[in-house]
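Observations on chain architecture
Listed below are the residues making up each chain.
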Amino acid sequence: MSAVLVKDLTMRYRGHTALHGIGLELAPDTIHGLLGRNGAGKTTLMRILTGQEFESSGRVEVFGQPPRENDAVLRRVCFIRESLKYPTYFKLREVLAAAAVACDNWDAAFAQRLVRDFEVPSDRQLKKLSRGQLSAVGIVIGLASRAPLTLFDEPYLGLDAVARQIFYDRLLEDFAEHPRTIVLSTHLIDEVADLIEHVVLIDGGRVVLDEDADELRGRAVSVSGPAEAVTAYAEGVAPLHRSELGGRLKVALPRRPERPADGVSVDPLSLQELIVLTTNQGDRK
Ligand SMILES: Nc1ncnc2c1ncn2[C@@H]1O[C@H](COP(=O)(O)OP(=O)(O)OP(=O)(O)O)[C@@H](O)[C@H]1O
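Quick look at the structure, then. (Residues numbered from 1 in each chain as written. Predicted model: local features only at pLDDT ≥ 70, side-chain atom pairs only at ≥ 80, totals over all residues.)

1. Things to note about the overall build of the protein
Where we set the bar: In DSSP terms, a helix is any run of H or I states spanning at least four residues, a strand is any run of E spanning at least two, and both are numbered starting from the N terminus. Buried means a residue has 20 or more other C-beta atoms within 10 Å of its own C-beta, exposed means 12 or fewer, and partly exposed covers the counts in between; C-beta atoms are placed from the backbone. By definition, residues are in contact whenever their C-beta atoms, placed on the basis of the backbone, come within 7 Å of each other.
If you tally the helices and strands in the protein, you get 10 helices and 13 strands. If you line up the protein on its principal axes, its C-alpha atoms span 65 × 45 × 35 Å. A buried classification covers 35% of the 285 residues belonging to the protein. Taking the intrachain contacts of the protein between residues at least 6 apart in sequence as the baseline, contacts between residues at least 24 apart amount to 68%.

What follows is the structure, given as structure tokens:
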């Protein structure tokens, strides 16, 4: 059974359609990257999956059931958003105690370890924490919840590079021991490129990519070198992107098996470059 099944899902706000009849199936026990430009519809989709918003039309199932007002499903789901609001007088230990009650799979020892890793002060009111420390609180809850479906929506506002790396490392370590379905929405694509196993790219409320990350990584290459040699190598193939400077040409191409001529280098395209290219192609249509 898929962890998430979405068919012909449309979400209309007054005067604006955020999701246009999208279809999607997320495999269980997989780390999915939910990517897309600002306003693409990622948060809207996650809000619907977590029962915080109701679709205008279409079918939505989480673990085989509609999430809408469904306590049995929602107890298995944890949604960490960019700016989670906590009762401001709460301290960390009170938030963790509440999370322990709300989450069936809560691991208190893991939560404490993460608190130490992120150096979040436990005895300070949350309203006095820094922006990054507050983001760390969300990450602690998301990871320690071990929810069968855990969604992180840009969870690291204000989090420094060291803390973000701790998040990625702990996520991977814990996922290896306790596989679950993770949906990670982020604009820091290069940072999470090695983490995500499956990519869903949304653009303008439509799914424009839905593929395993490994397949995507092998999909295209960047070819650069003297313009004439690169042109010869690329002959007959429509480039995904092209830029020329001086006598040197750089093109992004679907992967080609032929050996390039001397002086022409062929490098894999990064996931971020692929996502940008795919999104730009969508814009041109
Ligand atoms: N309550 C609402 N009423 C009207 N329009 C909304 C509402 N919520 C979201 N939208 C619009 O729906 C579109 C999708 O928004 P959404 O928050 O899902 O995008 P996103 O992909 O999460 O973007 P970002 O990366 O900036 O967070 C946007 O154009 C947004 O303005």
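2. Description of the nonpolar core
Operational definition: The term nonpolar core means buried Ala, Val, Leu, Ile, Met, Phe, Trp, Tyr and Cys residues held together as one set by C-beta atoms within 7 Å. Throughout, the edges of the domains are those of an automatic or database domain assignment.
Ranked by internal contacts, the top residues of the largest apolar core, which has 74 residues, are L49, V77, V137, V140, L151 and L184. Element by element, the count of residues in this core is highest for helix α5 (residues 131-145), at 8 residues. Here this core spans two domains, and each of domain 1 (28-39 + 77-215) and domain 2 (220-268) adds at least three residues to it. Beyond its immediate chain neighbours, meaning those up to four positions away, V77 contacts T50, V62, A147 and L149.

3. Regarding the packing of α5 against helix α6 (residues 161-177)
How two helices pack is summed up by the angle between their axes together with the distance between the axes. Our working rule: For every element, the axis is a line fit to its C-alpha atoms; helices are fit only across the contacting stretch, and the angle between N-to-C directions ranges from 0 to 180 degrees. These descriptions rest on fixed angle ranges, namely under 35 degrees for roughly parallel, over 145 for roughly antiparallel, 65 to 115 for roughly perpendicular, and the rest for oblique. Residues are grouped as follows: Ala, Val, Leu, Ile, Met, Phe, Trp, Tyr, Cys and Pro are nonpolar; Asp, Glu, Lys and Arg are charged; every other residue, Gly included, is polar.
Here α5 crosses α6 at 0 degrees, and the two axes come no closer than 11 Å. One element, α5, and the other, α6, form an angle in the roughly parallel class. Mapping the contact onto sequence places G132, A136, I139 and L143 in α5 and A163, F167, R170, L171 and D174 in α6. Broken down by class, the residue content of the contact of α5 with α6 amounts to 6 nonpolar, 1 polar and 2 charged.

These values are about where atoms sit, not about what they do.
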